[in-house]
Amino acid sequence: MSPTSPANPACPTRRLTTAQALVAFLARQYTERDGRRQRLISATWGIFGHGNVAGIGQALLEAGGGRSGGGGNGGAGNGAAHRMPYLQGRNEQAMVHAAVGYARQSGRLSAHAVTTSIGPGATNLVTGAALATINRLPVLLLPGDTFATRPADPVLQQLEVEYAGDVSVNDCLRPVSRYFDRITRPEALIPAALQAMRVLADPAGTGAVTLALPQDVQAEAYDWPEEFFAERDWHVRRPAPDAHEREAAVRAVRSARRPLIVAGGGVRHSAAEETLAAFTAATRIPVASTQAGKGALRHDHPADVGGIGHTGTATADELARTADLVIGIGTRFSDFTTASGTLFANPAVRFLHLNITGFDAHKLAALPLVADARAGLEALTAALAGHGYRVDPAYETEYTGAKEAWEERVEASFATPDPTARPTQTQVLGLLDGLVTEDDILINAAGSLPGDLHKLWRTRSRDQYHVEYGYSCMGYEIPAAIGVLLAAEGRTPRRPVWALVGDGTYLMNPTEIVTAVQENLPLKLVVLQNHGYASIGGLSESVGAERFGTAYRHRDADGGFTGPPLPVDLAANAASLGMRVLRATTVDDLRTALSEARDAGGPTCVYVETETPDTVSGPPPAQAWWDVPVAETASRPAAVKAREEYDRQVAARRRHL
């Protein structure tokens with residue numbers, strides 16, 4: 001029997017440390033949407049130090065997260081349903097990336113927590129937190145903090161601030177968190193934990209949530225009301241559109257002659273793919289996609305016209321230039337999507353934004369339709385049905401013909417005329433394209449690969465295309481793939497998950513290879529070695545910076561970096577971390593290695609040194625502009641010429657008011 005509170009004998013309590021109470025609470029939180037119920041926090045990642053080992057670390061052990069099981073002291077280990085699994089990471093930033101990958105694959109309905117010590121462990125969370133918040137993906141951060149009671153001041157790793165005694169390095173997490181609180185007393189955890197769950201389960205406001213935990217408070221005991229540990233369901237709502245906004249949206253669609261849908265990540269987050277397909281079947285409006293929205297329709301759907309913006313297809317971008325109504329669905333309209341304000345060139349263009357957040361729905365002076373993507377599309381489809389709206393058949397013929405022409409360019413990029421040659425990057429994608437099915441998932445985030453994938457990849461399922469481009473964070477791919485594999489656990493057969501990285505990204509963050517090996521997760525890692533920052537090298541050349549500082553080479557006699565490539569063996573590095581490595585030299589080698597990796601039951605790396613693309617197999621150039629300012633004054637001819645081109649492009653920018 002539980003003890004009772006001296007202040008209220010009728011209220012049963014449980015004596016636990018703050019950390020034990022938090023873990024017990026988290027293990028009993030659930031989300032519910034459309035009748036589907038699942039754990040909100042399904043596991044906790046952690047690296048332990050003096051700031052969390054005796055608090056959260058000890059609590060996780062009691063919660064059954066360690067190999068020894070647990071459940072002592074009536075803590076969080078009451079039954080298998082309320083265990084808190086523990087996942088061991090190697091880098092704090094990478095743990096957040098893994099949690100984000102898990103959350104995205106789980107449809108934002110389930111998330112992971114991440115615990116760290118104070119000091120560097122806590123500040124290492126900042127990049128991952130920014131990525132999570134920018135991409136609107138839930139993750140719970142539990143950094144240790146300095147003593148609330150201040151018996152030692154300063155404690156090891158404490159930041160001393162002369163003008164304030166209540167500041168710690170964890171305050172760096174405030175601007176990149178959707179909710180932040182510092183728990184300076186045990187009882188303060190109760191309202192803070194409830195607020196944290198509210199934000200994590202909020203489809204409009206989710207992102208990184210931080211509960212900073214002073215190390216002394218973590219270990220302090222308190223008599224917690226039993227009600228705090230009751231199972232709670234957090235309903236993930238689907239807000240329907242306002243009637244006035246819906247009618248305005250219907251009028252806008254009915255008056256459009258060249259409408260274009262821009263599908264963003266909100267389509268995926270609300271599981272609105274089938275609803276979008278039904279809407280396009282009724283209206284025949286073409287659908288372009290952002291990086292986050294790619295896969296909203298299958299690549300072979302008649303209305304799918306591919307990626308839009310700077311990394312988009314010629315089909316989508318030409319439609320965007322002439323569109324009279326742009327219907328954004330779940331997109332933030334970033335500068336890549338809008339080609340820095342130069343893409344939507346029709347003088348009469350208007351915007352209609354269906355978005356769950358009013359902030360995004362009002363961008364570009366749009367008609368707002370504030371609603372869940374699926375609920376909003378259902379309402380629009382029903383309202384338009386009575387009017388019999390459908391685009392002109394000539395418009396439909398135009399975009400389907402343009403799509404066929406683009407497919408020919410894709411085939412040319414993927415072609416491998418010489419199987420004994422070293423493959424180009426796009427040929428690597430072509431070989432993967434010929435191998436995968438709708439079960440495979442591709443993960444990427446930075447470098448030149450996102451542009452090639454957005455333009456060329458043929459997405460076969462709603463969740464196959466996993467490119468993080470809100471923050472475009474190098475080092476995301478490997479840990480995110482681990483998160484995706486964890487989210488897909490239990491499916492038979494297991495889904496093949498590919499992490500595609502260049503050498504620059506690999507060198508940023510290969511540490512979680514060790515985690516994949518430890519957990520025996522069948523990660524398929526493809527490492528493309530091109531001896532430098534290929535994407536930024538190309539950008540550097542285009543803005544007159546002449547690829548300065550973008551090659552991984554020895555210094556030359558003049559001090560530049562034009563000498564031989566560095567003798568770095570990334571394949572050997574991956575092998576040293578425990579991966580099985582398949583080296584590929586030619587197109588034929590690579591085809592065999594990719595097939596072997598796909599069938600592998602454990603973590604496997606395919607390593608290939610890529611060739612500079614030629615005119616036959618290189619990717620199509622950018623189909624729209626991106627604003628990267630060029631030096632206004634310069635003495636070098638390359639920069640002068642680049643500035644002339646910049647001035648020409650920037651003159652086409654417009655503000656949509």
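What you see is a predicted model; the values in this text were computed from it and never measured. (Residues numbered from 1 in each chain as written. Predicted model: local features only at pLDDT ≥ 70, side-chain atom pairs only at ≥ 80, totals over all residues. Heavy atoms only, no water.)

Notes on a nonpolar patch on the surface
As a reminder of what qualifies: Within the patch definition used here, like charges are joined within 9 Å and nonpolar side chains (Val, Leu, Ile, Met, Phe, Trp, Tyr) within 5 Å, considering only residues with over 30% relative accessible area and no salt bridge. Working definition of accessibility: Shrake-Rupley area with a 1.4 Å probe, residue cover restricted to the visible protein chains. We define a salt bridge as a side-chain nitrogen of Lys or Arg found within 4 Å of a carboxyl oxygen belonging to Asp or Glu. Only runs of H or I of at least four residues qualify as helices and only runs of E of at least two qualify as strands under DSSP, and these elements are numbered from the N terminus.
Taken together, the side chains of Leu 507, Leu 566 and Val 568 make up a nonpolar region of the molecular surface, amounting to roughly 220 Å² of accessible area. With respect to the helices, strands and loops of the structure, Leu 566 is situated in the loop between helix H21 (534-542) and helix H22 (570-576).

Some details on the sheet that holds strand S21 (residues 497-502)
Note: strands within a sheet are paired through backbone hydrogen bonds, in either parallel or antiparallel orientation. Just so we agree on the cut-off: Each pair of strands is called paired provided DSSP finds at least two bridges between the two strands. In this analysis an axis means a line fitted to C-alpha atoms, helices contributing only their contacting stretch, and an angle means the value between N-to-C directions, from 0 to 180 degrees.
Here six strands make up an open sheet; going across it, the order is S20-S19-S21-S22-S24-S23 and the pairing parallel. Each edge of the open sheet carries a strand with a single partner, namely strand S20 (465-467) and strand S23 (580-584). Adjacent strand axes in the sheet meet at a mean angle of 20° when their direction is disregarded. Bridge count for S21 against strand S22 (residues 523-529) is six bridges, and the pairing is parallel. Looking at S22, one finds that Trp 498 is bridged to Lys 524.

Some remarks on the confidence of the model for the protein
Just so we agree on the cut-off: The predictor reports its confidence for every residue as pLDDT, a score running from 0 up to 100. Contacts are assigned to residue pairs with any non-hydrogen atoms lying within 4.5 Å of each other.
Mean pLDDT over the protein works out to 93, with 96% of the residues at or above the 70 mark. In this model residues 67-77 is a low-confidence stretch, pLDDT under 50, and it forms 28 contacts with partners more than four residues away in sequence or in other chains.

Regarding empty space enclosed by the protein
Think of a ball as big as a water molecule: rolled over the atoms, this probe shows where empty space is left. The line we're drawing: For cavity detection a 1 Å grid was placed over the protein atoms alone, and a set of points counts as a cavity when a 1.4 Å probe fits there but cannot get out; an open set counts as a pocket when protein lies on both sides within 12 Å along at least five of seven lines, with lining residues being those that have an atom within 4 Å of a point. Grid points are joined across faces, edges and corners, and a volume is the space filled by probe spheres set on the points. Side-chain classes follow a simple rule in which Ala, Val, Leu, Ile, Met, Phe, Trp, Tyr, Cys and Pro form the nonpolar group, Asp, Glu, Lys and Arg form the charged group, and the remainder, Gly included, forms the polar group.
By the definition in use, this model includes two cavities of 30 Å³ or more. Its volume calculated, the largest cavity comes out at about 170 Å³. Those elements giving two or more residues to the lining of the largest cavity turn out to be strand S15 (304-307), helix H15 (393-414) and helix H17 (449-456). Considered class by class, the residues forming the lining of the largest cavity number six nonpolar, nine polar and seven charged. Counted as a void, the second largest cavity has a volume near 30 Å³. Along its surface, the second largest cavity is lined by Arg 268, Glu 273, Ala 292, Gly 293, Lys 294, Gly 295, Ala 296, Arg 462 and Tyr 465. The residue inventory of the lining of the second largest cavity, partitioned by class, reads three nonpolar, two polar and four charged.

Points about the environment of Thr 511
This is how the line gets drawn: Residue exposure (1.4 Å probe, protein chains only): buried if accessible area is under 20% of the type maximum, exposed if over 50%, otherwise partly exposed. Contacts described as polar in this section are N or O atom pairs within 3.5 Å, which, within protein, must combine one atom able to donate a hydrogen with one able to accept it, while residues neighboring in sequence count only if both atoms come from side chains.
Considering the arrangement of structural elements, one finds Thr 511 in the loop between helix H19 (503-508) and helix H20 (513-519). A residue is classified by how much of its surface remains accessible, and Thr 511, at 28% relative accessible area, is partly exposed. Filtering out sequence-adjacent residues up to four positions away, Thr 511 remains in contact with Arg 90, Asn 91 and Ala 94. Side-chain polar atoms of Thr 511 contact the side chain of Asn 509, separated by 3.1 Å.

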